[in-house]
Amino acid sequence: MPAPIQASNDRYPGEAGVEVANITKSFGPDEARVTVLNGVSLTIRKGEFVSLIGPSGCGKSTLLKVVAGLSEADGGKVSINGKSVREASREKAIGLVPQSPALLPWRTILDNVSLPISINPNANAGRKLRDPKEILTSFGLGKAIDRYPAQLSGGMQQRAAIARAFVFDPEILLMDEPFSALDEMNRDQQRMGLLDFWQSNQKSVLFVTHSVPEAIILSDRIVLMAAHPGRIAEIIDVDLPRPRNEALYATDAFRDLEGYVRNALRKVMEAAHV
Amino acid sequence: MSSSIAAEAAPKAKTSSPMARMAGDWLPPAVTFVIVAVLWQVVALNNPYVLPTLESVGNSMASDPHMYWANMLVTCQEIVIGAGAGILFGFLLAVAMSELPIIEKAMMPLIVVIMVTPVVAIAPALVVAFGFGMLPKYIVTGLVVFFPMLVNSLAGLRDVDQKALDVFKTLHASRWETFRDLRLPGCMPFVFAGLRIAMPLAVVGAAVAEFVAAGQQAGLGSLVTISAAQADLPVTWASIALLCLLGVVLVSLLALLRKRVLWWSDADVIGR
């Protein structure tokens, strides 16, 4: 087993935000037990955007679930700003953006985005709650606040779901392929929306994705995972200047990095087939 | 993109005028009713001991409206109290079962046993136990609607959007918050599906309760049995018509209520 890889990153020298240490997790009955995560260690610094990318079955969604407290690891430890996942959840420190928007169809967009403020109100003390209307406006949904989810396009629903995760000022945002259900044009638009918003509200983000360009344009670091058993194969620094915008796609630096990540991904997938 | 914000009213077929559209909705069923009425009259006029003529049924209602009204109120009372209690209890038990699986484990077998026992068979025993008052009738009516309410509500409470549930979990939502903000509103489409089944059954239940747990000899069901025994066909059929009307009114009220409560679950109502 390779030693845990810890890439250096000097851009965020502050204390560690999320510390994932030696997580193991397996599923299934004893005779057909599948190791989904095999000694995964990772640090997400405060304000850092980290993407998880890798072939299906590499455990990237499982890792996200473990950090979210939705799935229990067999071994290892996750700490969020020094707290256990359970404590962090009690303090509403975790913002989740699931794969589908999962908005409540009987609530307006405004009421959906206000939900995390009204839930578990004890944890609201001493935090910088945002004004739901304001955050919706900055996501370009200012005119839609009184609409119901079914009245919005899929892209707008997903943006509302992201606003819902930012509104209560969590310490870490976990996003599980939030744009995977959208068509390509819509996806790129939402990506840029998230990039803009995040660059002016830098929060720790763990972002699961299948898309190499998406990972590059958004992230500070890309964590490349390999499957069978799920593990970290490589951590790639994205040393592209911020603030970024669409123009970055056309630069040589972006293309070089894209080529490098794709190549690394191919190697990981070929190794799995041998 | 911004154009998709504006909810366009679902465009209906605009080829015909409103009048013509209304005629299109009403005319076919009206024709069916007219044909049935004509056939009825033909049979009634030739076989007076099989069916009463429609005008004799109408005359019977017009000649003694207070008698029909009083009996209808009794049946309504059985439906409101009996079915109301059955619906409420079915729903509350579903909530208890979905929150505490041990309750479902403990009670489901007993409930299935009760449900496969014919209500008609239990009724006389209930009369023996509870006397000739209204209570056995409430129980019979309640039993009939209880099961569809329980099963549908339980299915609804279980049919939670898992991704939304994940969001609630990461927020450390309490059980009560999850129930109030997610499970309860989310189960309403199923609850209304249960009510849609329960409403006609409530009328059946009340009528059957009067048949088998006779006692006070009041209500439209009792009126049917008594008049049929006396071969007073106009009264029999007038009572049947009123039972039928009761069912139609209940189902229509339910549809109205559903529109108010569940507008969000009908995508075509709010438009896309």
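Bear in mind the structure is a predicted one, so any value in this text is a computation, not a measurement.

1. What about the overall build of chain A?
Here is step 1 of the chain: Of regular secondary structure, chain A possesses 8 helices and 10 strands.
Here is step 2 of the chain: Against the 2.2 N^0.38 benchmark of 19 Å for 274 residues, chain A shows a C-alpha radius of gyration of 18 Å, consistent with a compact globule.
Here is step 3 of the chain: Overall, chain A is about 55 × 45 × 35 Å in size when its C-alpha atoms are taken along their principal axes.
Here is step 4 of the chain: Classification of the 274 residues of chain A by burial places 58% in the buried group.
Here is step 5 of the chain: Put simply, 73% of the contacts in chain A that link residues at least 6 apart link residues at least 24 apart.
Here is step 6 of the chain: For chain A, the exposed area adds up to about 11,400 Å²; of that, 50% sits on carbon and sulfur atoms.
Here is step 7 of the chain: Separation of charge centres in chain A, based on 32 positive and 32 negative side chains, amounts to 4 Å.

2. Observations concerning helix α6 (residues 135–158) of chain B
Residues and elements named next belong to chain B.
Here is step 1 of the chain: In a regular helix each residue adds 1.5 Å, so 24 residues correspond to 34 Å; α6 covers 33 Å between its end C-alpha atoms and thus fits that length.
Here is step 2 of the chain: At F146, α6 shows its maximal bend, which comes to roughly 30°, and the proline P148 appears one to four places after that position.
Here is step 3 of the chain: Of all 24 residues that make up α6, 18 are buried, and the element is covered over most of its length.

3. Regarding the interface of chain B and chain A
Here is step 1 of the chain: In this assembly, 26 residues from chain B lie in contact with 36 residues from chain A.
Here is step 2 of the chain: Between chain B and chain A we count 1 salt bridge in total.
Here is step 3 of the chain: In this structure, the salt-bridge partner of D181 of chain B is R107 of chain A, at a minimum N-O distance of 3.4 Å.
Here is step 4 of the chain: If you look at where chain B meets chain A, you find 4 residue pairs in polar contact (both at pLDDT 80 or more).

4. Digging into the pairing of strand β6 (residues 94–97) of chain A
All names here are of chain A.
Here is step 1 of the chain: Every second residue of β6 is oriented toward a common face, with I94 and L96 on one face and G95 and V97 on the other, all of them buried.
Here is step 2 of the chain: Relative to strand β7 (residues 172–176), β6 runs parallel, the two sharing 4 bridges. If you follow V97 over to β7, its bridge partner there is M175.

5. Brief notes about the side chain of S98 of chain B
Here is step 1 of the chain: Tracing the chain through its elements places S98 of chain B in helix α3 (residues 65–99).
Here is step 2 of the chain: Each residue touching S98 of chain B, except ones within four places of it in the same chain, is listed here: L154, L157 and R158 of chain B.

6. Considering the sheet that holds strand β5 (residues 83–84) of chain A
Paired through their backbone hydrogen bonds, the strands of a sheet run either parallel or antiparallel.
Residues and elements named next belong to chain A.
Here is step 1 of the chain: Here we have 4 strands laid out as an open sheet, ordered β2-β1-β4-β5, and antiparallel in their pairing. The sheet is open, and its two edges are formed by β2 (34–45) and β5, each paired on a single side.
Here is step 2 of the chain: Where strand β1 (residues 16–27) and strand β4 (residues 75–80) come together, 5 bridges link them in antiparallel fashion. Each residue of the ladder has a partner; that of T24, found in β4, is G75.
Here is step 3 of the chain: Where helix α1 (residues 60–68) meets the sheet, its contacts fall on β1, β2 and β4, and the angle it forms with β1 comes to roughly 120°.

7. Topic: the sheet that holds β6 of chain A
Residue and element names in this part refer to chain A.
Here is step 1 of the chain: Taken in spatial order, the 6 strands make up an open sheet running β6-β7-β8-β3-β9-β10, and their pairing is mixed. Unpaired on one side and paired on the other, β6 and β10 (231–237) mark the two borders of the sheet. Here the average twist between neighbouring strands, direction ignored, is 20°.
Here is step 2 of the chain: The pairing of strand β3 (residues 49–53) with strand β8 (residues 204–208) spans 4 bridges and is classified as parallel. Note that in β8 the partner of V50 across the bridge is L206.
Here is step 3 of the chain: Running over the sheet, α1 touches β3, β6, β7, β8 and β9 (221–226) and is turned about 145° from β7.

8. Structural notes on the layout of surface pockets
Here is step 1 of the chain: Counted as a void, the largest pocket has a volume near 660 Å³.
Here is step 2 of the chain: Forming the boundary of the largest pocket are 27 residues, of which G69, L70, E72, V85 and R86 of chain A lie nearest the centre.
Here is step 3 of the chain: Mapped onto the lining of the largest pocket, the elements with two or more residues apiece are α1, β4 and α2 (85–90) of chain A together with α3, α7 (162–170) and α8 (175–212) of chain B.
Here is step 4 of the chain: As a volume, the second largest pocket reaches approximately 240 Å³.
Here is step 5 of the chain: Of all the secondary structure elements, the ones that give two or more residues to the lining of the second largest pocket are α3, α4 (101–116) and α6 of chain B.
Here is step 6 of the chain: If you tally residues by element for the lining of the second largest pocket, the top one is α6 of chain B, at 6 residues.

9. Here we look at the environment of E171 of chain A
All names here are of chain A.
Here is step 1 of the chain: Secondary-structure assignment places E171 in the loop between α5 (154–166) and β7.
Here is step 2 of the chain: Setting aside residues no more than four positions away along its own chain, E171 makes contact with I80, N81, K83, A93 and S204.
Here is step 3 of the chain: Of note is the side chain of E171, whose polar atom sits 2.5 Å from the side chain of N81.

Thresholds applied
- Residues numbered from 1 in each chain as written.
- Chains lettered and ligands numbered in written order.
- Predicted model: local features only at pLDDT ≥ 70, side-chain atom pairs only at ≥ 80, totals over all residues.
- Heavy atoms only, no water.
- Helix = DSSP H or I, 4+ residues; strand = E, 2+ residues; numbered from the N terminus.
- Rg over C-alpha atoms; globule rule 2.2 N^0.38 Å.
- Buried < 20%, exposed > 50% of the residue type's maximum accessible area, 1.4 Å probe, protein only.
- Contact = heavy atoms within 4.5 Å.
- Areas by Shrake-Rupley, 256 points an atom, 1.4 Å probe, with all protein chains shown as cover.
- Lys, Arg positive; Asp, Glu negative; His and termini not counted.
- Charge placed at Lys NZ, Arg CZ, Asp CG, Glu CD.
- Expected span 1.5 Å × (residues − 1).
- Bend = angle between axes of the 7 residues up to and from the residue.
- Salt bridge = Lys/Arg side-chain N within 4 Å of Asp/Glu carboxyl O.
- Polar contact = N/O pair within 3.5 Å; in protein donor to acceptor, adjacent residues only side chain to side chain.
- Pairing = 2+ DSSP bridges.
- Axes fitted to C-alpha atoms, helices over the stretch in contact; angles between N-to-C directions.
- 1 Å grid on protein atoms, 1.4 Å probe; cavity = no way out; pocket = protein on both sides within 12 Å on 5 of 7 lines; lining within 4 Å.
- Points joined across faces, edges and corners; volume = space filled by probe spheres on them.

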